[in-house]
Amino acid sequence: MRLLPTRRRSTCCCFAESAVWLRAHKALGLTTTTFSVNKSLFCISGKRTNPNRTKRSSSVQATNAEDLQEETTCYSLEDSVTFQGNGLHSGEEVSVTVSPTKSVQGISFLYEDKNGLSIHVPLKPSSVVSTQLCTTISAPGNPWSRIATVEHLLAALWGCGVGSAIVKVEGNEIPILDGSAIQFVEAFEKVGYRKLANNKDRIYCVQQPIYVEDDRGSWARLEPPKEGQRGLTVEVTIDFPHNAIGRQTFRTPCSITKDMFVREIAPARTFCLETDIEKMKSRNLCKGGSLSNAVVFSRHGNGILNEGPLRFPDEPVRHKVLDVLGDLFVSGVFVIGHYSAFKPGHRLNSHLVRLLERRMEQENVANGSHFTNTVVDPLPLAK
């Protein structure tokens, strides 16, 4: 698969040979960390923490946070771009058009039904109505305006620094394309970007730790950035009962740059176990799933059903990172800080982002203007 050319290779490199990859992975400090999670050590209140965790700065001076907001740049697209394809879960033909805005308005969704009626769906944590195998948003009081599987598109917008756009969706789902975010990115690169002015309310620097856990031992945490950090760093661990997956960790040694996102995260495809397919279909899910848009790990535990190889030796955990970035962008802002998680999922991320929204409201960040509730007109298509 063709990847976009970039000026320099990111620190987290992809290696063709697994042995070489593992040695370099360790040299870069990206070794898979094996640890047990005692869920009693993690709680939303923040009164107890795991004593074995690496300590980070507990807060960032307000002046530093303001400086980071001033330094961080976000963009809009130069022109509209349309994607068509099947929805992963609905199996229906759907279409989505991403258009630039005339001013800084954030990301806003427009659901369009078969009769041409458009309903504004604001991008904010309270718009999330389902996290069953994907993130689904809906307009308040309009349950029929559901838009499923928004996370891959949102991750692509985040990775390319696009902080303001109108996303018009014809259907109830974002097309799955090849199961990753790379085709969204390639299309954005073709139309180009333009820098936005007055984008301070699109940026949020984490001031105090926020973390959540569930009853299955999974947890997620957002922490303030380290001294000198100018973006988001992540450390994600997954653990699957399959020989070809097992326990994997993806850790960024520095803030995620666009180059790093395009090369190391965006191409990672969604995946599932062959043994879970019938279970998902019995729940009326994955009607549009196929080997062309998902990696399926064999029920025999000896590899994948897809003809080609994995795009990365640790492609599953990289896709989890892709999901994380999309789920975090439901907040409507570019988060500056450190995200870490053990076995994260859409449900856990949704709870974390709701707490983030509450924290931002408490801190009165931009007086809540980072959540737009008004529909703005997209710029006309270039002739």
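The coordinates are above.
Read on for an overview of the structure. Since the model is a prediction, treat every value here as computed from it, not as a measurement. (Residues numbered from 1 in each chain as written. Predicted model: local features only at pLDDT ≥ 70, side-chain atom pairs only at ≥ 80, totals over all residues. Heavy atoms only, no water.)

All right, on to the sheet that holds strand β5 (residues 118-122) then. Spatial ordering of the open sheet is given by β2-β3-β9-β4-β5, a layout of 5 strands whose pairing is mixed. Since the sheet does not close on itself, it has two edges, and those belong to β2 (81-86) and β5, each with one partner. Between one strand axis and the next, the sheet turns by 20° as a mean value, whatever way the strands run. Across 5 bridges, strand β3 (residues 93-99) lies against strand β9 (residues 165-170) in antiparallel orientation. The residue bridging valine 98 from the neighbouring strand is valine 167, located in β9. Sitting on the sheet, helix α4 (residues 182-191) touches β2 and β3, and the angle it makes with β2 is about 160°. (Pairing = 2+ DSSP bridges. Helix = DSSP H or I, 4+ residues; strand = E, 2+ residues; numbered from the N terminus. Axes fitted to C-alpha atoms, helices over the stretch in contact; angles between N-to-C directions. Contact = heavy atoms within 4.5 Å.)

Right, let's get into the pairing of strand β4 (residues 107-112). With 6 of 6 residues buried, β4 is to be regarded as a mostly interior element. By the alternation rule, side chains of β4 split into Ile107, Phe109 and Tyr111 and Ser108, Leu110 and Glu112, which are all buried. The pairing of β4 with β9 spans 6 bridges and is classified as parallel. Each bridged residue has a counterpart across the sheet, and for isoleucine 107 the counterpart in β9 is alanine 165. Pairing of β4 with β5 involves 5 bridges; the strand directions are antiparallel. Bridging from a neighbouring strand, tyrosine 111 pairs with isoleucine 119 of β5. Between the antiparallel neighbours β4 and β5 lie 5 residues, among them glycine 116 with a positive phi of about 85°. (Buried < 20%, exposed > 50% of the residue type's maximum accessible area, 1.4 Å probe, protein only.)

What follows concerns the environment of lysine 124. Mapped onto the elements, lysine 124 comes out in the loop between β5 and β6 (128-130). C-alpha of lysine 124 to C-alpha of serine 331: the two residues are 207 residues apart in sequence and 5.2 Å apart in space.

A separate point is the pattern of salt bridges. A full pass over the atoms with the stated rule returns 11 salt bridges. Residue glutamate 223 pairs with arginine 221 through a salt bridge whose shortest N-O separation is 3.4 Å. For glutamate 223, a relative accessible area of 4% corresponds to the buried category. Residue arginine 221 is classed as buried on the basis of its relative accessible area, which comes to 8%. With a closest N to O distance of 3.1 Å, arginine 251 and glutamate 235 form a salt bridge. (Salt bridge = Lys/Arg side-chain N within 4 Å of Asp/Glu carboxyl O.)

Ranked by internal contacts, the top residues of the largest apolar core, which has 81 residues, are Val98, Phe109, Phe188, Phe261 and Tyr339. Once residues within four sequence positions are removed from consideration, valine 98 is found in contact with Leu77, Asp79, Ser80, Val81, Phe83, Leu153, Leu157, Ala165, Ile166, Val167 and Phe188. Residues Cys272, Met280, Cys286 and Val296 belong to the second largest nonpolar core, which totals 5 residues. (Core = buried A, V, L, I, M, F, W, Y, C linked by side-chain atoms within 4.5 Å.)

With that out of the way, let us pick up the packing of helix α5 (residues 258-265) against helix α7 (residues 315-328). The interhelical angle for the contact between α5 and α7, taken along N-to-C directions, is 135°, at an axis separation of 10 Å. Considering the angle they form, α5 stands oblique to α7. In contact with Phe261, Glu264 and Ile265 of α5, α7 contributes Arg318, Val321, Leu322 and Leu325. Residue composition of the contact of α5 with α7, grouped by class: 5 nonpolar, no polar and 2 charged. (Parallel < 35°, antiparallel > 145°, perpendicular 65-115°, else oblique. Nonpolar A, V, L, I, M, F, W, Y, C, P; charged D, E, K, R; others polar.)

In this section: the sheet that holds β6. Pairing in this open sheet of 3 strands is antiparallel, and the strands run β6-β7-β8 from one edge to the other. On the outer flanks of this sheet lie β6 and β8 (142-147), each paired with one strand and no other. Direction aside, the axes of adjacent strands within the sheet are offset by 50° on average. Inspection of the sheet shows strand β7 (residues 136-139) paired to β8 by 2 bridges, in the antiparallel sense.

Taken as a whole and judged by the stated rule, the model has 2 cavities of 30 Å³ or more. Along the walls of the largest cavity sit Pro125, Val128, Thr135, Asp327, Val330, His346, Asn349, Ser350, Val353 and Arg354, which together make up its complete lining. The element best represented in the lining of the largest cavity is helix α8 (residues 346-362), accounting for 5 residues. In the lining of the largest cavity, the residues fall into 4 nonpolar, 4 polar and 2 charged. (1 Å grid on protein atoms, 1.4 Å probe; cavity = no way out; pocket = protein on both sides within 12 Å on 5 of 7 lines; lining within 4 Å. Points joined across faces, edges and corners; volume = space filled by probe spheres on them.)

With that settled, the discussion passes to the packing of aromatic side chains. One pass over the structure, following the stated rule, counts 7 aromatic pairs. Between phenylalanine 83 and phenylalanine 188, the ring centres sit 6.1 Å apart and the planes meet at 85°, which makes this aromatic pair edge-to-face. Residue phenylalanine 83 is found in strand β2, and its partner phenylalanine 188 is found in helix α4; the two are separated by 105 residues along the sequence. Phenylalanine 83 gets classed as buried once you look at its relative accessible area, which sits at 6%. Under the relative-accessibility criterion, phenylalanine 188 is labelled buried at 0%. Look at phenylalanine 240 and phenylalanine 271: their rings are 5.4 Å apart centre to centre, the planes differ by 70°, and that puts the pair in the edge-to-face class. Highlighted residues: phenylalanine 240 in strand β14 (residues 232-240) and phenylalanine 271 in strand β16 (residues 271-273), separated in sequence by 31 residues. (Phe/Tyr/Trp six-rings, centres within 6.5 Å; stacked < 30°, edge-to-face > 60°.)

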